[in-house]
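Topology and contacts: notes
If you want the building blocks of each chain, they are given just below.
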Amino acid sequence: QVRLVESGGGLVQAGGSLRLSCAASGRTFSRYTMGWFRQSPGKEREFVAAITGSGGGTNYANSVKGRFTISRDNAKNTVYLQMNSLKPEDTAVYYCAASPTSWGTPREVYEYDYWGQGTQVTVSS
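Quick notes on the rules
- Residues numbered from 1 in each chain as written.
- Predicted model: local features only at pLDDT ≥ 70, side-chain atom pairs only at ≥ 80, totals over all residues.
- Heavy atoms only, no water.
- Helix = DSSP H or I, 4+ residues; strand = E, 2+ residues; numbered from the N terminus.
- Buried < 20%, exposed > 50% of the residue type's maximum accessible area, 1.4 Å probe, protein only.
- Contact = heavy atoms within 4.5 Å.
- Areas by Shrake-Rupley, 256 points an atom, 1.4 Å probe, with all protein chains shown as cover.
- Lys, Arg positive; Asp, Glu negative; His and termini not counted.
- Charge placed at Lys NZ, Arg CZ, Asp CG, Glu CD.
- Disulfide = S-S within 2.5 Å.
- Polar contact = N/O pair within 3.5 Å; in protein donor to acceptor, adjacent residues only side chain to side chain.
- Core = buried A, V, L, I, M, F, W, Y, C linked by side-chain atoms within 4.5 Å.

**Quick look at the overall build of the protein**
- A count of helical and extended segments in the protein gives zero helices and 11 strands.
- Scanning the protein from its N terminus toward the C terminus, one meets helices and strands in the order β-β-β-β-β-β-β-β-β-β-β.
- Seen through its principal axes, the protein has C-alpha atoms that stretch 40 × 25 × 25 Å.
- Within the protein, the proportion of its 125 residues that are buried is 47%.
- If you take every contact in the protein between residues at least 6 apart in sequence, the share linking residues at least 24 apart comes to 61%.
- For the protein, the accessible area works out to roughly 6400 Å², and carbon and sulfur atoms hold 45% of it.
- One finds the centroid of the 13 positive side-chain charges in the protein at a distance of 7 Å from the centroid of its 9 negative side-chain charges.

**Details of the state of the cysteines**
- Inspection of every chain in the model, using the stated rule, returns one disulfide.
- Bridging C22 to C96, the disulfide has an S-S length of 2.1 Å. The sign of the S-S torsion, about -75°, decides the handedness of the disulfide formed by C22 and C96: left-handed. Residue C22 is found in strand β3 (residues 18-24), and its partner C96 is found in strand β9 (residues 92-99); the two are separated by 74 residues along the sequence.

**A look at the side chain of T33**
- Tracing the sequence through the fold places T33 in strand β4 (residues 33-39).
- A polar contact is formed between the side chain of T33 and the backbone oxygen of T101, at a distance of 2.6 Å.

**Side note on the nonpolar core**
- Ranked by internal contacts, the top residues of the largest apolar core, which has 35 residues, are L4, M34, W36, V79, L81, M83 and Y94.
- Elements with a minimum of two residues in this core: β3, β4, β5 (46-51), β7 (68-73), β8 (78-83), β9 and β11 (119-124).
- Residues in contact with V79, not counting those within four places in the same chain, are L20, S21, C22, F29, M34, W36, I51, I70, S71, R72 and C96.

**Examining the side chain of D90**
- Within the element layout of this structure, D90 appears in the loop between β8 and β9.
- Side-chain polar atoms of D90 contact the side chain of R38, separated by 2.9 Å.
- Filtering out sequence-adjacent residues up to four positions away, D90 remains in contact with R38, R67, F68, S85, V121 and V123.

That's the geometry; what it means functionally is another story.
The following block contains the structure:
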């Protein structure tokens, strides 16, 4: 069982930055690929970024490539999402998720077993 708690969301102007954090419980954090997803009203939850258990592999949605960076600190059981050059279309609830596929970077919701409660990110124009 893995418990995930996100933090760092908020309101920011277009062009600004935010860093999201996701703290995980448990002693096997490094065995999990970690992902970030987002969901805005009326839309399906969509993949944003993922990072392998060792941190050596990453994967990004085309919409955020070059603006967002995912990283992790296995000593702190924490994964981060640095978001720069934010746009109004980045507005959503952002979710942290854990997948037991530690060697890959899956992009589908069903490939992740554990989810956080979400944190709201709002980008004003």
